[in-house]
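As a plain string of letters, each chain reads:
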Amino acid sequence: MSVLVLGGAGYIGSHTVYELIDKGEEVIIADNLQTGYMKAVHPKAKFYKGDIRDKEFLDSLFQKEKPEAVIHFAANSLVGESMVDPLKYYDNNLYGTMVLLKSMVENKIGKIVFSSTAATYGEPENIPILETDKTEPSNTYGETKLAMEKLFKWVAQAHGIKYVSLRYFNACGAHKSGNIGEAHNPETHLIPLILQVPNNKRPEIKIFGDDYDTPDGTCIRDYIHVTDLANAHILAIEYLKKGSQNNIFNLGNGTGFSVKQVIDISRKVTNHSIPAVICPRRAGDPAKLIASSEKAKTVLKWQPIYTDLETIIESAWRWHKNHPDGYEN
């Protein structure tokens, strides 16, 4: 089976490519390298530089490679940026997906696994969050991902494309080989930001609010190792190959850790004091986000391997310590 991974030079995309190749699959990557890195591309994958908004590029790629399935990671994903530049997010995320689906329909490519997000839910009504809970995104990024999910639904109904949408929570950690890991510029994710302190990249870590309705007053999130996420995408492709119905799944550990807990575990892993400073809350930060992944476990037979946060942070620290500037040098 050949799989086309859109955004395969990015963080979660590159880890998914590594897992696919470990399983003996033929992998094609398409990435515009806007946020991805050539150094993250697996040497055994076939690489094409191009943009999903370029229909000619997609048409020629589908005609040449004829992939059995597509995994779609190609999107902008910074919540803060999405609020100041919403048009960029609608253009790349929603318009790009529209062009992709048009090309898939015309070239008879019938299966796609989509990288969605917990941001589709907004402020949760229930903890843990179920796939059936209401979706009211509180930022542009989540809104575009939800619009993309609805686009899949209607195109599937009209043209018979089969899809799985994976809504994941806080991706973190790095590949066991240490060859690839998390590298965003600017960095916005908590664990890499914390690890910049022992790496002498910042003097302290900021905690945005310590007066939330949580045991220690700081926000609680569900952290899921990037390799566990990668494996869920592969299981989703196998699910679609069996002729299963279109579906949406949450991906998380089902356990929440507060910002202070993540900092404490990082202190232990790095053997560094990691000074922390309390700052005012950020707008739109829910107090708690924890996933119920029971549906993915039952239907996809998905089982996270990295369920211990200390192990996750150890894998991240191994990468960041050896690559303090990411892929830059």
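The structure under discussion appears in the preceding block.
If you're wondering where the values come from, they're calculated on a predicted model, not measured in any experiment.

**Q** I would appreciate a short explanation of the overall build of the chain in the present structure.
**A** Within the chain, the secondary structure is distributed over ten helices and 13 strands. Relative to the globule expectation of 20 Å for 329 residues, the C-alpha radius of gyration of the chain, 19 Å, shows essentially globular dimensions. Over its C-alpha atoms, taken along the principal directions, the chain stretches across nearly 55 × 45 × 40 Å. Counting only residues that meet the buried cut, the chain has 58% of its 329 residues in that class. Taking the contacts inside the chain whose residues are at least 6 apart along the sequence as the reference set, 78% of them involve residues at least 24 apart. With an accessible surface of roughly 14,300 Å², the chain has 49% of that area assigned to carbon and sulfur atoms. Side-chain charges of the chain comprise 37 positive and 40 negative groups, with the mean position of each set lying 4 Å from the other.

**Q** Is there a simple way to explain the sheet that holds strand 4 (residues 69-72) in this structure?
**A** The strands making up a sheet are joined through hydrogen bonds of the backbone, oriented either antiparallel or parallel. Spatial strand order, 3-2-1-4-5-6-10: seven strands in an open sheet with parallel pairing. Where the open sheet ends on each side, the last strands, each with one partner, are strand 3 (46-49) and strand 10 (247-251). This sheet shows a mean twist of 20 degrees between the axes of neighbouring strands, independent of strand direction. Bridging between strand 2 (residues 26-31) and strand 3 involves four bridges; their strand directions are parallel.

**Q** Even after reading the chapter, I still don't get the pattern of salt bridges, so can you show me in this structure?
**A** A pair can form between side chains of opposite charge whenever their charged atoms are brought close. Counting across every chain of the model gives 15 salt bridges. A salt bridge links Arg53 to Asp51, with the shortest nitrogen-to-oxygen separation between them at 2.8 Å. Among the salt bridges present, the one from Lys268 reaches Glu310, with a minimum N-O distance of 3.0 Å. Here Lys268, found in helix 8 (residues 259-270), pairs with Glu310, found in helix 10 (residues 309-322); they are 42 residues apart in sequence, far enough to count as distant. Taken together, the shared-partner salt bridges in this structure form one network comprising Asp51, Arg53 and Asp91.

**Q** Sorry, what's going on with unusual backbone geometry here?
**A** When glycine is set aside, most residues are seen to have a negative phi, and most peptide bonds are trans. Along the chain, Ile127 connects to Pro128 via a cis peptide bond; the corresponding omega equals -5 degrees. Mapped onto the elements, Pro128 comes out in the loop between strand 5 (111-117) and helix 5 (140-159). Omega for the peptide link from Asn185 to Pro186 comes to 5 degrees, which places this bond in the cis form. Within the secondary structure, Pro186 sits in the loop between strand 7 (170-172) and helix 6 (190-195). In this structure, Asn271 takes a positive phi of about 60 degrees despite not being glycine.

**Q** For this particular structure, what's the right way to read the packing of aromatic side chains?
**A** Given two aromatic rings, one states the distance between the centres and the angle between the planes to describe the pair. Counted under the stated rule, the structure contains five aromatic pairs. Ring plane angle 40 degrees and centroid distance 5.0 Å describe the contact between Phe114 and Phe152, whose orientation is recorded as tilted. Note that Phe114 is positioned in strand 5 and Phe152 in helix 5, a separation of 38 residues in sequence. Of the two residues, Phe114 and Phe152, neither departs from the other in class, the shared state being buried. Relative to Tyr163, the ring of Phe152 lies with its centre 5.8 Å away and its plane at 25 degrees, an arrangement referred to as stacked. Residue Phe152 is found in helix 5, and its partner Tyr163 is found in strand 6 (residues 162-168); the two are separated by eleven residues along the sequence. The class of Phe152 is buried, set by a relative accessible area of 1%. Taking the relative accessible area as the measure of exposure, Tyr163 reaches 8% and is therefore buried.

**Q** Is there a simple way to think about a nonpolar patch on the surface in this case?
**A** A contiguous nonpolar surface patch, about 290 Å² in accessible area, is contributed by Val79, Met83 and Val84. By the element assignment, Val79 lies in helix 3 (residues 79-84). The exposure class assigned to Val79 is partly exposed, which follows from its relative accessible area of 37%.

**Q** Just checking my understanding: could you explain the packing of helix 4 (residues 86-106) against helix 5 for this structure?
**A** A pair of packed helices is captured by two measures, namely the crossing angle of their axes and the spacing between those axes. In contact at an axis separation of 9 Å, helix 4 and helix 5 are set at 15 degrees when each is read in the N-to-C sense. With respect to helix 5, the axis of helix 4 lies roughly parallel. Where helix 4 crosses over helix 5, the handedness of that crossing is right-handed. Together, Pro86, Tyr89, Tyr90, Asn93, Leu94, Thr97, Met98, Leu101 and Val105 of helix 4 and Thr140, Tyr141, Glu143, Thr144, Ala147, Met148, Leu151, Phe152, Val155 and His159 of helix 5 make up the contact between the two elements.

**Q** I would appreciate a short explanation of the state of the cysteines in the present structure.
**A** Overall, the coordinates contain zero disulfides when judged by the stated rule. Free cysteine: Cys172, not disulfide-bonded; nearest cysteine sulfur from Cys219 at 16 Å. For Cys172, a relative accessible area of 2% gives the class buried. Summary of cysteine pairing: Cys279 is not part of a disulfide, and the nearest cysteine sulfur, belonging to Cys219, is at 13 Å. Residue classification places Cys279 among the buried positions, given a relative accessible area of 16%.

**Q** Is there a simple way to explain the pairing of strand 10 in this structure?
**A** Put simply, side chains in a regular strand alternate between the two faces of the sheet. Taken across its five residues, strand 10 has four buried, putting it largely inside the fold. Sheet topology places strand 6 next to strand 10; five bridges connect them, and they run parallel. Bridging from a neighbouring strand, Ser165 pairs with Ile248 of strand 10.

The rules we used
- Residues numbered from 1 in each chain as written.
- Predicted model: local features only at pLDDT ≥ 70, side-chain atom pairs only at ≥ 80, totals over all residues.
- Heavy atoms only, no water.
- Helix = DSSP H or I, 4+ residues; strand = E, 2+ residues; numbered from the N terminus.
- Rg over C-alpha atoms; globule rule 2.2 N^0.38 Å.
- Buried < 20%, exposed > 50% of the residue type's maximum accessible area, 1.4 Å probe, protein only.
- Contact = heavy atoms within 4.5 Å.
- Areas by Shrake-Rupley, 256 points an atom, 1.4 Å probe, with all protein chains shown as cover.
- Lys, Arg positive; Asp, Glu negative; His and termini not counted.
- Charge placed at Lys NZ, Arg CZ, Asp CG, Glu CD.
- Pairing = 2+ DSSP bridges.
- Axes fitted to C-alpha atoms, helices over the stretch in contact; angles between N-to-C directions.
- Salt bridge = Lys/Arg side-chain N within 4 Å of Asp/Glu carboxyl O.
- Phe/Tyr/Trp six-rings, centres within 6.5 Å; stacked < 30°, edge-to-face > 60°.
- Patch = residues over 30% accessible without salt bridge, like charges linked within 9 Å, V, L, I, M, F, W, Y side chains within 5 Å.
- Parallel < 35°, antiparallel > 145°, perpendicular 65-115°, else oblique.
- Left-handed = near helix turned anticlockwise from the far one by under 90°.
- Disulfide = S-S within 2.5 Å.

Remember, this is a structural readout, not a statement about activity or role.
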